[in-house]
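Summary of structural features
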Amino acid sequence: MIRRLDSNDHEECFHFLKGEAAENVFIIGDIEAYGYEQEFQRVWGEFNEKNELIAVLLKYRENYIPYAKTEEFDGKGFAEIILADGDFSFLSGLERCIARIEPYLSNKLKKKRQFYYAKCTALSEAAHMTAKAEVKLAVPNDASRLVHLLKAIPEFSDSIITEESKKESLEGGASRTFYIEKDGKMVSTASTTAENSSSAMVVGVATDPAYKKQGLASACMVKLCKELLGEGKELCLFYDNPEAGTIYKKLGFEDIGFWVMNIYHR
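Bear in mind the structure is a predicted one, so any value in this text is a computation, not a measurement. (Residues numbered from 1 in each chain as written. Predicted model: local features only at pLDDT ≥ 70, side-chain atom pairs only at ≥ 80, totals over all residues. Heavy atoms only, no water.)

Turning next to helix α5 (residues 143-151). All buried positions along α5 are accounted for by Ala 143, Leu 146, Val 147, Leu 149 and Leu 150. For α5, the buried positions fall inside an angular range of 160° around the axis, keeping them on one side. Of the surrounding secondary structure, the elements contacted by the buried residues of α5 are α6 (163-172), β8 (177-182), β9 (185-193) and β10 (199-207). (Buried < 20%, exposed > 50% of the residue type's maximum accessible area, 1.4 Å probe, protein only. Helix = DSSP H or I, 4+ residues; strand = E, 2+ residues; numbered from the N terminus. Arc of directions from axis to C-beta. Contact = heavy atoms within 4.5 Å.)

Pasting the structure below:
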């Protein structure tokens, strides 16, 4: 049985989601931020014969994210909910969950992207051998320098990040950034996004090309991971570059599958 969830279901819903907090970083964060009753956000749950919650579907504006611990959930039922929404454009989530729903979606697929998905619950021994450097916590007034650094790096040159959005994220508490300075300028950084009470996503790991191969990004990562793991949060990240994946795994990240982002024609 599938039904809408509300605040009365919160305890059971979060107990279910926090069993895999890194995998549910977006769902947990959105529910903590906006709850169950907003017009732009809704949450459904599937219950088994014992009335146990076995799957969740979150709508945030035109985007839907499903989650279940196994592939044994009602993908057709979730697809029917999604198709009834005229604003539906995006479906994203763990590959195993998306694959269960995709066959029942009649909307034409416009674009599909897939990323490796990794999480960290403890740093590795190797992480403590990273470069010794002074790693600082960014404040909102550092937004301009952070954006300047990211825009100077090829991988981030087409990023839509702006000084205003970066400053807002640093002020809002759902993001934090660590960085290293050398020769009077910011040269390496690592950030979080989608922070919630149980997990956070690592993003924006970058180093000025002139300062690469010094372990600076790893040092930023270790500082960031130590702080969040110390708060009892699981960390996760996307990557599509196997070389970058190797670096993350040395620090203690482990692959947990693939994250899929589908864009559909309305």
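Angle between the axes and distance between the axes: these two values describe a pair of packed helices. One can describe the packing of helix α7 (residues 216-230) onto helix α8 (residues 242-251) by two numbers: an axis separation of 11 Å at closest approach and a directional angle of 45°. In terms of axis orientation, α7 runs oblique to α8. The chirality of how α7 crosses α8 is right-handed. Contacts between α7 and α8 pair Ser 218, Met 221 and Val 222 from the former with Ile 247, Tyr 248 and Leu 251 from the latter. Here the residues of the contact of α7 with α8 sort into 5 nonpolar, 1 polar and no charged. (Axes fitted to C-alpha atoms, helices over the stretch in contact; angles between N-to-C directions. Parallel < 35°, antiparallel > 145°, perpendicular 65-115°, else oblique. Left-handed = near helix turned anticlockwise from the far one by under 90°. Nonpolar A, V, L, I, M, F, W, Y, C, P; charged D, E, K, R; others polar.)

This brings us to the sheet that holds strand β4 (residues 63-68). In space, the 12 strands of this open sheet follow the order β1-β2-β3-β4-β5-β12-β6-β11-β10-β9-β8-β7, with mixed pairing throughout. Since the sheet does not close on itself, it has two edges, and those belong to β1 (2-4) and β7 (136-137), each with one partner. One ladder, built from 6 bridges, connects strand β3 (residues 53-60) with β4; its direction is antiparallel. Within the sheet, the bridge partner assigned to Leu 57 lies in β4 and is Pro 66. Contacts between helix α3 (residues 75-83) and the sheet are confined to β1, β2 (41-47), β3, β4 and β5 (90-94), with β3 contributing the most and set at about 15° to the helix. (Pairing = 2+ DSSP bridges.)

Turning next to the environment of Ala 133. Here Ala 133 lies in the loop between β6 (109-120) and β7. In this structure the C-alpha to C-alpha distance between Ala 133 and Lys 182, which are 49 residues apart in sequence, comes to 9.7 Å. Those residues in contact with Ala 133 that sit more than four places away from it in its chain are Ile 180 and Leu 216.

What follows deals with the pattern of salt bridges. Applying the stated rule across the entire model yields 17 salt bridges. As a salt-bridge pair, Glu 195 and Arg 176 come within 2.7 Å of each other at their nearest N and O atoms. Within this pair, whereas Glu 195 is found in the loop between β9 and β10, its partner Arg 176 is found in the loop between α6 and β8, the two being separated by 19 residues in sequence. For Glu 231, the salt bridge identified is with Arg 176, shortest N-O distance 3.0 Å. Here Glu 231 is found in the loop between α7 and β11 (234-239), whereas its partner Arg 176 is found in the loop between α6 and β8, with 55 residues between them in sequence. Salt bridges sharing common partners tie together Arg 176, Glu 195, Glu 227, Glu 231 and Lys 233. (Salt bridge = Lys/Arg side-chain N within 4 Å of Asp/Glu carboxyl O.)

Inspection of every chain in the model, using the stated rule, returns 18 aromatic pairs. Their ring planes at 55° and their centres at 5.6 Å tell us that Phe 26 and Trp 259 sit as a pair that is tilted. One end of the pair, Phe 26, is in helix α2 (residues 25-34); the other, Trp 259, is in strand β12 (residues 254-264), and 233 residues separate them in sequence. The exposure class of Phe 26 is partly exposed, given its relative accessible area of 22%. Grouped by ring-pair contacts, the aromatic residues Phe 26, Phe 115, Tyr 117, Phe 238 and Trp 259 constitute a single cluster. The residue whose ring lies beneath Arg 61 is Phe 40, and the NZ or CZ to ring-centre distance is 4.3 Å. (Phe/Tyr/Trp six-rings, centres within 6.5 Å; stacked < 30°, edge-to-face > 60°. Lys NZ or Arg CZ within 6 Å of the ring centre and 35° of its normal.)

Moving on, we get to a negative patch on the surface. A surface patch of negative charge is lined by Glu 163, Glu 164, Glu 168 and Glu 171. When its relative accessible area of 52% is taken as the criterion, Glu 171 is described as exposed. (Patch = residues over 30% accessible without salt bridge, like charges linked within 9 Å, V, L, I, M, F, W, Y side chains within 5 Å. Areas by Shrake-Rupley, 256 points an atom, 1.4 Å probe, with all protein chains shown as cover. Lys, Arg positive; Asp, Glu negative; His and termini not counted. Charge placed at Lys NZ, Arg CZ, Asp CG, Glu CD.)

Joining two cysteines, a disulfide is a covalent bond between their sulfur atoms. A full pass over the atoms with the stated rule returns 0 disulfides. This cysteine, Cys 220, is not joined by any disulfide, and Cys 225 carries the nearest cysteine sulfur, 11 Å off. The closest cysteine sulfur to the non-disulfide-bonded Cys 236 is located on Cys 120, 11 Å from its own sulfur. (Disulfide = S-S within 2.5 Å.)

What follows concerns the side chain of Gln 41. Locating Gln 41 in the fold gives a position in strand β2. A distance of 2.9 Å separates a polar atom in the side chain of Gln 41 from the backbone oxygen of Asp 30. At 2.9 Å, the side chain of Gln 41 and the backbone oxygen of Gly 35 are in polar contact. Excluding anything up to four places from it in sequence, Gln 41 contacts Asp 30, Ile 31, Tyr 34, Gly 35, Tyr 36, Leu 58, Lys 59 and Tyr 60. (Polar contact = N/O pair within 3.5 Å; in protein donor to acceptor, adjacent residues only side chain to side chain.)

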